[in-house]
Structures are given as C-alpha cells and as structure tokens.
Amino acid sequence: MTLRRGLLALVLLSIMGAAVELAAERHWQTVEQLIPWGALALLALALVAFAAGGPLTMVRALALAVLLVAMFGVYAHVSANYDAGLLDQRYAATWETLSPLTRWWYAVSKSVGAAPPLAPGMLAQSALLLLLATLPRARAQEPTENAHTPEPLRNAR
C-alpha cells in the first residue's frame, strides 16, 4: 500500500511539474501544442478516478492513451530536431556526411533543434507509473505450521 501511494504521489507531482513546464514554455501557440495539455488532463482524470475507486479498466485505458500520446510526442520532438540538423549553423555543411546514428544522437540529445524529447518522455513516465500503481497486489503466502520443520520430520508425524 505504501508503494502504491508513493507511485500515486509521483504521478501527481509529475502532472504538476509538466503543467508548470508547459506553461513556462507557453506551449499553447498551435493546436499541436495543446495535445500535451489534453494528455495531462486525461492523466489527472485517471489519477482522480483511481484514487476515488473508479473502474480499473477506465483508469488503465486513460493511462495507456496518455502513454501512447507521449511516446508519439517523443518521436515528434526527436524527428523535428533531426530535421533541424540541416539548418543548424554548426552542422549545416557536414550534416549529410555524419553517420545516421550520429545524426539521430544529436537529435535525441538536443544538440540540434529546440524540441526537448525529455518533456514528453516525462509524461510517458507518469502514465507508466499510474499503470504500475493499478497492478494487483501480490499476496504473501501464509506460513504453514511446520514451515521450519525439515521435510522428513513433517512426514514422520
């Protein structure tokens, strides 16, 4: 139970942190930039539903939807950074000569482009934490009366 509450607290902190980050970046200029706000709202709804004892299938479906949206967000951010490589003054002349692995690494690490892949990654992590919190608790096995008695002695009785 303590672990579950800890996971839920992390989800709540992550939602609040992501909202502050999106607001600080003024991430509402285009319709596409509103998508993470909607994902945050869905994740908050799922968290409230879980805390209120709502149906697990709904909570899991909402968290999974947010996870998929966030994974697409990571892809979109990395792809935008990759496409910006040709326009980056440091790499414009050599971008085509770099290996594909190097170019993708520059895009993921934000060496080129301005889109932060970590932001949607944090949203994905929050959704995954909520999914983990919904997993059923494993029941501890009840110790038997003769649990510490060696096998031959148990059979002798």
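Given the structure is predicted, the values throughout are model-derived calculations rather than measurements. (Residues numbered from 1 in each chain as written. Predicted model: local features only at pLDDT ≥ 70, side-chain atom pairs only at ≥ 80, totals over all residues. Heavy atoms only, no water.)

(A) Examining the packing of aromatic side chains more closely. Under the defined criterion, the tally for this structure stands at five aromatic pairs. Between Tyr82 and Trp95, the ring centres sit 5.6 Å apart and the planes meet at 70 degrees, which makes this aromatic pair edge-to-face. You can see Tyr82 sitting in helix H3 (residues 56-83) and its partner Trp95 sitting in the loop between H3 and helix H4 (100-108), a full 13 residues away along the chain. Neither Tyr82 nor Trp95 differs from the other in exposure class; each is buried. Take Tyr82: its relative accessible area is 17%, and that puts it in the buried class. (Phe/Tyr/Trp six-rings, centres within 6.5 Å; stacked < 30°, edge-to-face > 60°. Helix = DSSP H or I, 4+ residues; strand = E, 2+ residues; numbered from the N terminus. Buried < 20%, exposed > 50% of the residue type's maximum accessible area, 1.4 Å probe, protein only.)

(B) View of the confidence of the model for the protein chain. Overall, the predicted model of the protein chain reaches an average pLDDT of 86, with 87% of residues at or above 70. pLDDT under 50 marks residues 152-157. Its contacts with residues more than four places away, or in other chains, come to five contacts. (pLDDT = per-residue confidence, 0-100. Contact = heavy atoms within 4.5 Å.)

(C) View of the pattern of salt bridges. Counted by the stated rule, this structure contains two salt bridges. Across the pair Arg90 and Asp88 runs a salt bridge, and its minimum N-O distance is 3.0 Å. Among the residues examined, Asp88 registers a relative accessible area of 14% and is labelled buried. The residue Arg103 makes a salt bridge to Glu96 at a minimum N-O spacing of 4.0 Å. Overall, Arg103 belongs to the buried group, its relative accessible area being 11%. Its relative accessible area of 56% is what places Glu96 among the exposed residues. (Salt bridge = Lys/Arg side-chain N within 4 Å of Asp/Glu carboxyl O.)

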